[in-house]
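# Close look at the chain arrangement
The primary structure of each chain is shown beneath.
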Amino acid sequence: MASLSQSSTAFSASFKPTLACSSRVSSLKSVSFSITGKRFPSLTSRPGRFQVSCSAKPETLNKVCDIVKKQLALPDDTAVTAGSKFTELGADSLDTVEIVMGLEEEFGISVEEESAQTIATVQDAADLIEKLVEKKA
């Protein structure tokens, strides 16, 4: 069962490959889908934007955060979160290549150059890692 809620506004529907809503919910901030043992995208809303992101496992995300901190030599008190952009953390293109190399080594994967160029945030990296690890298995 998928559900959307914000204060007193609630929407509920059975999960189908395509979920269509005929009513409009303007104050909706976030939606998550989950079925035991499966991960589904989470949806977030920003003014004028609706974003879909796949959520990587927390342990994958934590490892990525640690690798990013190490590669960029960030102080321990620097907050690195899923939404942290490499450029905002001070990474240039060489730093990003080094981060990807560190991720490849840590997770035993190989990231194609084409895929590496799409990584802008910690979440992007974690999602790509999960995809590559699943593909490898």
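Residues numbered from 1 in each chain as written. Predicted model: local features only at pLDDT ≥ 70, side-chain atom pairs only at ≥ 80, totals over all residues. Heavy atoms only, no water.

### Thoughts on the overall build of the chain
Broken down by element type, the chain carries 4 helices and 5 strands. Across the 137 residues in the chain, those meeting the buried criterion constitute 32%. Considering only contacts in the chain between residues 6 or more positions apart, those separated by 24 or more positions represent 44%. For the chain, the exposed area adds up to about 9,500 Å²; of that, 51% sits on carbon and sulfur atoms. (Helix = DSSP H or I, 4+ residues; strand = E, 2+ residues; numbered from the N terminus. Buried < 20%, exposed > 50% of the residue type's maximum accessible area, 1.4 Å probe, protein only. Contact = heavy atoms within 4.5 Å. Areas by Shrake-Rupley, 256 points an atom, 1.4 Å probe, with all protein chains shown as cover.)

### Some points on the nonpolar core
Nonpolar side chains tend toward joint burial in soluble globular proteins. Core analysis: the biggest nonpolar cluster contains 26 residues, and Val 64, Val 68, Phe 86, Leu 103 and Val 122 have the highest contact counts within it. Contributions of two or more residues to this core are made by helix 1 (58–71), helix 2 (93–107) and helix 4 (122–136). Apart from the residues lying within four places of it in its own chain, the contact partners of Val 122 are Leu 61, Val 64, Cys 65, Val 68, Val 80, Thr 81, Ala 82, Ser 84 and Phe 86. (Core = buried A, V, L, I, M, F, W, Y, C linked by side-chain atoms within 4.5 Å.)

### Some points on a nonpolar patch on the surface
Taken together, the side chains of Leu 94, Val 97 and Met 101 present a nonpolar region at the surface, about 290 Å² in accessible area. Tracing the sequence through the fold places Met 101 in helix 2. (Patch = residues over 30% accessible without salt bridge, like charges linked within 9 Å, V, L, I, M, F, W, Y side chains within 5 Å. Salt bridge = Lys/Arg side-chain N within 4 Å of Asp/Glu carboxyl O.)

### Observations regarding the packing of helix 1 against helix 2
At a minimum axis separation of 10 Å, helix 1 and helix 2 run at an interaxial angle of 135°. The orientation of helix 1 relative to helix 2 falls into the category oblique. The way helix 1 lies across helix 2 gives a crossing that is right-handed. Across the interface between the two elements, Thr 60, Lys 63, Val 64, Ile 67, Val 68 and Gln 71 from helix 1 touch Glu 98, Ile 99, Gly 102, Leu 103, Glu 106 and Phe 107 from helix 2. Taken together, the residues that form the contact of helix 1 with helix 2 break down as 6 nonpolar, 3 polar and 3 charged. (Axes fitted to C-alpha atoms, helices over the stretch in contact; angles between N-to-C directions. Parallel < 35°, antiparallel > 145°, perpendicular 65-115°, else oblique. Left-handed = near helix turned anticlockwise from the far one by under 90°. Nonpolar A, V, L, I, M, F, W, Y, C, P; charged D, E, K, R; others polar.)

### Section: the packing of helix 1 against helix 4
Remark: helix 1 packs on helix 4, axes separated minimally by 9 Å, with the N-to-C direction vectors making an angle of 125°. With respect to helix 4, the element helix 1 is oriented oblique. For the pair helix 1 and helix 4, the sense of crossing is right-handed. Mapping the contact onto sequence places Thr 60, Leu 61, Val 64, Cys 65 and Val 68 in helix 1 and Val 122, Gln 123, Ala 125, Ala 126, Ile 129 and Glu 130 in helix 4.

### Concerning helix 1
For helix 1, built from 14 residues, the straight-helix expectation of 20 Å at 1.5 Å per residue is met to within 8% by its first-to-last C-alpha distance of 20 Å. The complete set of buried residues in helix 1 reads Thr 60, Leu 61, Val 64, Cys 65, Ile 67 and Val 68. The buried residues of helix 1 occupy one face: seen down the axis, they fall within an arc of 165°. Among the exposed residues of helix 1, those oriented more than 90 degrees off its buried face are Pro 58, Asp 66 and Lys 70. Against helix 2 and helix 4 lie the buried residues of helix 1. Within two residues after helix 1, Ala 73 carries a phi angle of roughly 50°, on the positive side. (Expected span 1.5 Å × (residues − 1). Arc of directions from axis to C-beta.)

### Some thoughts on the confidence of the model for the chain
Summarising the model, the chain shows a mean pLDDT of 75, and 61% of its residues fall at 70 or more. Within the chain, helix 1 carries the highest mean pLDDT (96), whereas strand 2 (residues 9–13) carries the lowest (39). Predicted confidence for residues 1–30 stays below pLDDT 50, and this span has 35 contacts to residues more than four positions away or in other chains. With pLDDT under 50 throughout, residues 32–40 is counted as low confidence; its partners more than four residues away or in other chains account for 16 contacts. (pLDDT = per-residue confidence, 0-100.)

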